[in-house]
Amino acid sequence: MSPQQTPRRAPAVVRPDEDRPLGDVGGRVRNGLGDWGRSPVLDFYGLICVGTLLIGTGLVMVLSSSSVVSIAKGDSPFAGLLAQGKFALIGLVGLLVAAFLPPRIYEKLAWVLLGLGLALQCLVHVPGIGVAAGGNTNWIRIAGQTLQPSELLKLALAVWLGAILTRKRPLLHRTMHLVIPVVPVIVVALGLVLLGHDLGTMMIMAMLVAGSLWIGGVPRRWFVLGGGVGVAAILFFALTNANRMARIGNWLHGTCEGDSCLQSDQGLMGLAEGGWWGVGLGQSRQKWGRLPAAQDDYIFAIIGEELGLIGTLGVLLLFSVFALILFRMITRARDPFIQITIGGVGAWLLGQAFVNMMVVTGMLPVLGVPLPFISSGGSALVASMLALGMLLSFARHEPGAQEALTARMGTVRSALAVIPASRGGEGTRRRRRGRRGAKPAGGASSRKTKATAGTAKASTTRAAASGGRARTAAPCSRSRGAGTRSSGTRTTGSRGAGSRSSGTARRTRARSSARSAEPTARPDTEGYAR
């Protein structure tokens, strides 16, 4: 069979596997998630994403829930958003500063922060400075601005507990080292808050203390003792206050006198009206004066009404992811101070968030605890953002995180440095000037080469006309001498002599033409031409 008759083979067809037409997708996903989960900067970027979503959700919902009340007061519908946004900007500055401070700075400033927090909390009980609202005295007014010092005291207490328990960690099994100075400071801090009749805030601070002690490695028997003392104290302060007993009775029995159940009932009604998908952002009916503190403690009910069950589950998911990030940070951190402080901050923010959501859904009696990052309130937002900035600082100092962040920033700077030059830029003008400057040099070289060839050709012609045998390979002086000698030689008028002269001239012209090209490549070209 000839080559022309050889049959061509059909190309191989890659057919997908019938069982897995797309290949091992599950394996690739597992490997990708595994690499992503082992990243040293996962906690850092996770905190940024979760914090941004929570703060953004809070600003949007504060605008939605406070617009009607602001219009009723004669203000702009954006008054609530502007007030909350002002504190958000202050908190953002504090967050950036706290994120860039190393963890050792917090440990060194633990006593200073605790003293500042206790001093501000003492101002609550100073006449003319302390402000009472809703039966509680837990605010101060300075220069026309109202602040809640207990929120800053929570952050200071978490940092102080982290520093003290780190130093005493090897001695926590001894009673005196555990009691002094931890117990007196905790009693003073919780007592100052409880002195203002704010039982809800005191319970959140007790959760903070419990989280720090648990991560610090305090023996479990102390938790049993402390838990018993705490429950007894809560029952005592609840039974001795008629307002608290009324709220607990309404929650237990479901029967209310007058409008004592108005807030809890309207909150549940808002969640029920929202259904699966909600009535739409900004379309809440409860914010028209039917639900007290709609933008504060009961903002979760407005989220459920406008965004439905999906919105409430989204908020719950964000706090759950936040809890997972904090747990991962505790397990990856090598410094006990970082571990204990994260435990205290996590117990504070997560405990307060879940207590607020349980109150709104009717699982706990009304306590007056705001939802972190979301509820309206400048002091709570600033304190929460400061805590988030401190957590970012801890995440930056996880094993391998600093090197990974530095490498990625270097990659970004290298990518930004590769910027193409514009057509009319300085680089183009330099190239054009270079081209213009190169042309005269090239032209001079070309003219010099042509002049060399012309000079050699003229010398050959003169030698041929004189009938002498000039040696063109000799230097210029020798060529002229040879030409002189050949011109002075006698020649006969016979035809043979003329033929020999013509043949000699043709051979001389050929050799001159062949050698005229060599001087251009030799270093003595100019001397040869002369």
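All values reported here derive from a predicted model rather than from experimental measurement.

The rules behind each value
Residues numbered from 1 in each chain as written. Predicted model: local features only at pLDDT ≥ 70, side-chain atom pairs only at ≥ 80, totals over all residues. Heavy atoms only, no water. Helix = DSSP H or I, 4+ residues; strand = E, 2+ residues; numbered from the N terminus. Buried < 20%, exposed > 50% of the residue type's maximum accessible area, 1.4 Å probe, protein only. Areas by Shrake-Rupley, 256 points an atom, 1.4 Å probe, with all protein chains shown as cover. Salt bridge = Lys/Arg side-chain N within 4 Å of Asp/Glu carboxyl O. Expected span 1.5 Å × (residues − 1). Contact = heavy atoms within 4.5 Å. Axes fitted to C-alpha atoms, helices over the stretch in contact; angles between N-to-C directions. Parallel < 35°, antiparallel > 145°, perpendicular 65-115°, else oblique. Nonpolar A, V, L, I, M, F, W, Y, C, P; charged D, E, K, R; others polar. Pairing = 2+ DSSP bridges. Left-handed = near helix turned anticlockwise from the far one by under 90°. Patch = residues over 30% accessible without salt bridge, like charges linked within 9 Å, V, L, I, M, F, W, Y side chains within 5 Å. Phe/Tyr/Trp six-rings, centres within 6.5 Å; stacked < 30°, edge-to-face > 60°.

J.: Help me get a handle on the overall build of the protein, residues and values and all.
T.: Looking only at helices and strands, the protein features 20 helices and three strands. Looking at the protein as a whole, 39% of its 530 residues qualify as buried. When the accessible surface of the protein is summed, it comes to about 30000 Å², and 64% of that surface belongs to carbon and sulfur atoms.

J.: Could you give an account of the pattern of salt bridges, naming the residues involved and the relevant values?
T.: Scanning the entire structure with this criterion turns up six salt bridges. Among the ionic pairs, E107 bridges to R104, the shortest N-O distance being 2.4 Å. Remark: R104 and E107 occur in helix α4 (residues 103-108); sequence separation between them is three residues, near one turn of the helix. For E107, a relative accessible area of 12% puts it in the buried group.

J.: Break down helix α9 (residues 199-216) for me, with residues and values.
T.: Taking 1.5 Å of rise per residue, 18 residues should cover 26 Å, and α9 covers 26 Å from first to last C-alpha, within 8% of that figure. For α9, the complete set of buried residues consists of L199, G200, T201, M202, I204, M205, L208, V209, G211, S212, L213 and G216. Next to the buried residues of α9 lie β2 (136-142), α6 (149-167), α8 (182-194), α10 (220-239), α11 (242-253) and α14 (336-360). The positive-phi residue at the C-terminal boundary of α9 is G217, with phi of around 95 degrees.

J.: Got a sec to walk through α14? Specific residues and values, please.
T.: A rise of 1.5 Å per residue sets the reference length of α14, with its 25 residues, at 36 Å; its end C-alpha atoms lie 36 Å apart and thus fit the reference within 8%. Judged by how many residues are buried, α14 sits mostly within the fold: 22 of 25 residues are covered. Backbone geometry just downstream of α14 places G362 in the positive-phi region, at approximately 85 degrees.

J.: I'd like a description of the environment of G226, backed by residues and values.
T.: Counting through the fold element by element, G226 comes out in helix α10. On the basis of relative accessibility, which here comes to 41%, the residue G226 falls in the partly exposed class. For the pair formed by G226 and A206, sequence separation is 20 residues and the distance between their alpha carbons is 9.9 Å.

J.: Could you give an account of the side chain of Q286, with specific residues and numbers?
T.: You can see Q286 is positioned in the loop between α12 (262-274) and α13 (299-332). Leaving out residues up to four positions away in the same chain, Q286 has contacts with Q266, M269, G270, E273, L291, I302 and E305.

J.: I'd love a proper account of the packing of α6 against α8, names of residues and values included.
T.: Orientation of α6 relative to α8, taken along the N-to-C sense of each, is 175 degrees, at an axis distance of 12 Å. One finds that α6 runs roughly antiparallel with respect to α8. Contact residues: α6 offers S150, L153, L157, W160, L161, I164 and L165, while α8 offers V182, V185, I186, A189 and V193. Its residues assigned to classes, the contact of α6 with α8 shows 11 nonpolar, one polar and no charged.

J.: Please provide a residue-by-residue account of the sheet that holds strand β3 (residues 145-147), values included.
T.: As summarised here, the arrangement of the three strands in space is β1-β2-β3, forming an open sheet in which the pairing is antiparallel. Across the chains shown, the open sheet's two edge strands, defined by having one partner strand only, are β1 (130-133) and β3. Strand-to-strand twist of the sheet, defined as the mean angle between neighbouring strand axes without regard to direction, takes the value 40 degrees. By the bridge criterion, three bridges tie β2 to β3 in an arrangement that is antiparallel. When the sheet's bridge partners are listed, I142 is paired in β3 with Q145.

J.: A description of the packing of helix α2 (residues 42-72) against helix α15 (residues 378-396) should follow, citing residues and the corresponding values.
T.: The interhelical angle for the contact between α2 and α15, taken along N-to-C directions, is 165 degrees, at an axis separation of 9 Å. As summarised for this structure, α2 and α15 are arranged roughly antiparallel, according to the angle between their axes. Regarding α2 and α15, the two cross each other, and that crossing is left-handed. Along the contact surface, α2 presents D43, F44, L47, I48, G51 and I55, while α15 presents M385, L388, L391, L392, A395 and R396.

J.: Outline a nonpolar patch on the surface, listing residues and values.
T.: Taken together, W276, W277, L309, I310, L313 and L316 make up a surface patch of nonpolar side chains, about 660 Å² in accessible area. By the secondary structure assignment, W277 is in the loop between α12 and α13. We classify W277 as exposed; its relative accessible area is 68%.

J.: Please give an account of unusual backbone geometry that cites residues and values.
T.: At the junction of I180 and P181, the peptide bond is cis and its omega measures out at 0 degrees in the coordinates. Within the element layout of this structure, P181 appears in the loop between α7 (175-179) and α8. In this model, H197 sits at a positive phi of 65 degrees, which is unusual for a non-glycine residue. Mapped onto the elements, H197 comes out in the loop between α8 and α9. Taking relative accessible area as the criterion, H197 reaches 43% and is therefore assigned partly exposed. Although it is not a glycine, A293 sits at a positive phi angle of roughly 55 degrees. Its place among the elements puts A293 in the loop between α12 and α13. With relative accessibility at 29%, the residue A293 sits in the partly exposed group.

J.: How would you explain the packing of aromatic side chains if you had to name every residue and give the values?
T.: Within this structure, the stated rule accounts for seven aromatic pairs. When the centroid spacing of 5.5 Å and the interplanar angle of 85 degrees are considered together, the rings of W111 and W160 count as edge-to-face. Of this pair, W111 sits in helix α5 (residues 110-122) while W160 sits in helix α6, and the two are 49 residues apart along the sequence. Taking the relative accessible area as the measure of exposure, W111 reaches 45% and is therefore partly exposed. Residue classification places W160 among the buried residues on the basis of a relative accessible area of 0%. Between the aromatic rings of F236 and F237, the centroid separation amounts to 5.3 Å while the plane-to-plane angle is 75 degrees, which identifies the pairing as edge-to-face. The structure contains a cluster of three or more aromatic residues connected by ring pairs, namely Y106, F337 and F394.

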